[in-house]
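Tertiary structure, described
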Amino acid sequence: MSSTQKSSWKNSPAVWPLAGLLLLVVINLIFSKNFFTISQLDGHYFGTPIDIFKDGSICLVLALGMTLVIATGGIDLSVGSVMAIVGAVAATMLQKGQSLPVVLLTSLGVGFLCGLINGLLVCWARIQPIVATLVLMVAGRGIAQVVSNGQQVQILDKHFVFLGNGFLAGLPFAPIFVTALYGVVWLWLRRSATGLFIEATGDNETASRFAGLATDRVRCLAYIASGLCAAVAGLLGASFISDADPLTAGQNMELDAIFAVVIGGTALSGGRFNLLGSYLGAILLQTLTITMYFVGVASAVAPVPKAVLIIVVCLMQSETTRRWLRGLWKKGAVA
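As a starting point, this report considers the structure included with it. (Residues numbered from 1 in each chain as written. Predicted model: local features only at pLDDT ≥ 70, side-chain atom pairs only at ≥ 80, totals over all residues. Heavy atoms only, no water.)

So, helix 4 (residues 57-71)
For the α-helix, the turn length of 3.6 residues means that residues three or four positions removed from each other point alike. Taking 1.5 Å as the rise per residue, helix 4 with 15 residues should run 21 Å; its terminal C-alpha atoms sit 21 Å apart, in good agreement. Counting buried residues along helix 4, 15 of its 15 residues qualify, which places the element largely inside the surrounding structure. Of the residues trailing helix 4, Gly73 is marked for its positive phi of about 90°. (Helix = DSSP H or I, 4+ residues; strand = E, 2+ residues; numbered from the N terminus. Expected span 1.5 Å × (residues − 1). Buried < 20%, exposed > 50% of the residue type's maximum accessible area, 1.4 Å probe, protein only.)

Comments concerning the side chain of Lys54
Position of Lys54 relative to the elements: it lies in helix 3 (residues 48-55). No salt bridge is formed by the buried Lys54. Its closest oppositely charged neighbour is Asp55, at 5.7 Å. What Lys54 contacts, discounting residues up to four positions off in sequence, is Gly164, Asn165, Pro172, Pro175 and Phe240. (Lys, Arg positive; Asp, Glu negative; His and termini not counted. Salt bridge = Lys/Arg side-chain N within 4 Å of Asp/Glu carboxyl O. Contact = heavy atoms within 4.5 Å.)

With respect to the pattern of salt bridges
One pass over the full model with this rule turns up 4 salt bridges. The partner of Asp216 in a salt bridge is Arg126, with the nearest N and O atoms 2.7 Å apart. Remark: Arg126 occurs in the loop between helix 6 (100-123) and helix 7 (129-147) and Asp216 occurs in helix 12 (residues 215-241); sequence separation between them is 90 residues. Of the residues examined, Asp216 reaches a relative accessible area of 26% and is grouped as partly exposed. Taking relative accessible area as the criterion, Arg126 reaches 49% and is therefore assigned partly exposed. Notably, a salt bridge pairs Glu205 with Arg219, separated by 3.4 Å at the nearest N-O pair. Taken as a pair, Glu205 in helix 11 (residues 205-210) and Arg219 in helix 12 lie far apart in primary sequence, 14 residues in all. Each of the two residues, Glu205 as well as Arg219, counts as buried. Linked through salt bridges whose partners overlap, the residues forming this network are Glu205, Arg209 and Arg219.

Observations regarding the packing of helix 4 against helix 13 (residues 253-263)
When two helices pack together, their arrangement is given by the angle between the helix axes and the distance between those axes. In the contact formed by helix 4 and helix 13, the axes pass within 8 Å of each other and the chain directions differ by 65°. Taken together, the axis directions place helix 4 and helix 13 in an arrangement best described as roughly perpendicular. Judged by the sense of rotation from one axis to the other, the crossing of helix 4 with helix 13 is right-handed. In this structure, helix 4 contributes Ile58, Cys59, Leu62, Ala63, Met66, Thr67 and Ile70 to the contact, and helix 13 contributes Met253, Glu254, Asp256, Ala257, Ile258, Ala260 and Val261. Looking at side-chain class alone, the contact of helix 4 with helix 13 contains 11 nonpolar, 1 polar and 2 charged residues. (Axes fitted to C-alpha atoms, helices over the stretch in contact; angles between N-to-C directions. Parallel < 35°, antiparallel > 145°, perpendicular 65-115°, else oblique. Left-handed = near helix turned anticlockwise from the far one by under 90°. Nonpolar A, V, L, I, M, F, W, Y, C, P; charged D, E, K, R; others polar.)

Quick look at unusual backbone geometry
Residues other than glycine seldom take positive phi values, yet Asn149 does so here, at roughly 60°. Relative to the helices and strands, Asn149 resides in the loop between helix 7 and strand 3 (153-154). For Asn149, a relative accessible area of 65% puts it in the exposed group. Positive phi values are uncommon outside glycine, yet Ala169 reaches one of about 55°. Judged by relative accessible area, Ala169 falls into the exposed class, the value being 76%.

With respect to the packing of aromatic side chains
Tallied over the full model, the rule gives 5 aromatic pairs. Plain terms: the ring middles of Phe46 and Phe167 are 5.4 Å apart, the flat faces sit at 65° to each other, and that makes the pair edge-to-face. Taken together, the residues Phe46 in strand 2 (residues 44-47) and Phe167 in strand 4 (residues 167-168) connect sequence positions 121 residues apart. What makes Phe46 partly exposed here is its relative accessible area of 34%. Judged by relative accessible area, which is 21%, Phe167 ranks as partly exposed. When the centroid spacing of 5.1 Å and the interplanar angle of 90° are considered together, the rings of Tyr182 and Tyr279 count as edge-to-face. Highlighted residues: Tyr182 in helix 9 (residues 173-190) and Tyr279 in helix 14 (residues 275-294), separated in sequence by 97 residues. The class of Tyr182 is buried, set by a relative accessible area of 6%. We classify Tyr279 as buried; its relative accessible area is 13%. Three or more aromatic residues link up through ring pairs in this structure, and these residues are Phe162, Phe173 and Phe177. Above the ring of Phe273, the side-chain terminus of Arg190 is found at 4.5 Å from the ring centroid. (Phe/Tyr/Trp six-rings, centres within 6.5 Å; stacked < 30°, edge-to-face > 60°. Lys NZ or Arg CZ within 6 Å of the ring centre and 35° of its normal.)

In short, the description is geometric, and any link to function would need to be established separately.
If you want it as structure tokens, here you go:
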């Protein structure tokens with residue numbers, strides 16, 4: 001590896017969520033003897049490391065769409081409610097005997113429509129993103145309850161349940177699918193001009209518009225992508241539990257998605273984004289959640305360590321903080 005490559009990796013925002021993951025690995029090696037145990041049953045692998053990726057699949061796919069929205073300088077608070085709507089639509093359609101392809105396409109269409117509504121409110125109506133997406137965040141729960149008649153809808157279709165509980169080559173299908181989705185989106189963004197358009201819009205929308213870039217269209221497409229990712233997350237969430245609950249599905253998931261993106265090094269002010277950092281950030285949050293269960297942290301106290309970890313990682317990503325720490329280190333060395 002050349003010195004330039006080493007410097008690039010050293011300065012990458014993905015270093016700090018990776019460092020946080022390694023720290024949690026060390027903690028679990030010391031305090032949780034069975035944390036890394038993996039067993040095999042009927043050709044399928046089970047264990048806590050596998051559960052981290054499986055249970056973290058929903059946050060992973062939400063963080064993917066959220067990264068694109070935040071990179072344009074926006075925010076999407078509606079993804080949890082979109083999950084509830086999509087889950088209710090899919091479960092209701094399956095209960096009425098609709099075929100799985102029709103259900104999946106309709107569910108993705110619902111996510112597309114929700115993202116389009118958010119995009120139009122932000123780009124055409126000029127409503128602040130936090131307000132525009134808050135509208136669907138609040139109204140979405142009501143829409144989900146209308147679709148499901150205010151009831152939990154059980155899902156019995158085994159092919160649908162496979163999405164969240166099936167296995168491929170002995171490993172859970174959901175994290176494999178989501179990881180492949182990250183790879184496809186990364187190739188699309190980095191092998192075409194799309195990623196550059198997104199970063200330019202978030203970095204300086206006015207300058208980008210004067211340069212001839214259709215910034216409103218770029219931002220709207222980012223919200224549509226977030227809606228589609230929320231639809232995928234809604235399908236996975238309903239598949240995990242074979243049930244659609246309009247009240248609890250996706251609850252507070254928008255916050256975890258935003259945390260994962262910020263931990264991964266994408267600034268809320270927009271501009272440069274890091275898909276690998278968002279991926280690692282989502283896995284870091286899920287690993288921390290399971291670690292707290294293993295060490296016996298009460299569920300009421302669990303949000304506190306999560307908040308502390310987020311603050312620490314964000315501080316370590318700050319050049320000001322690193323400069324201050326380097327100054328302390330030099331003073332200590334001189335003394």
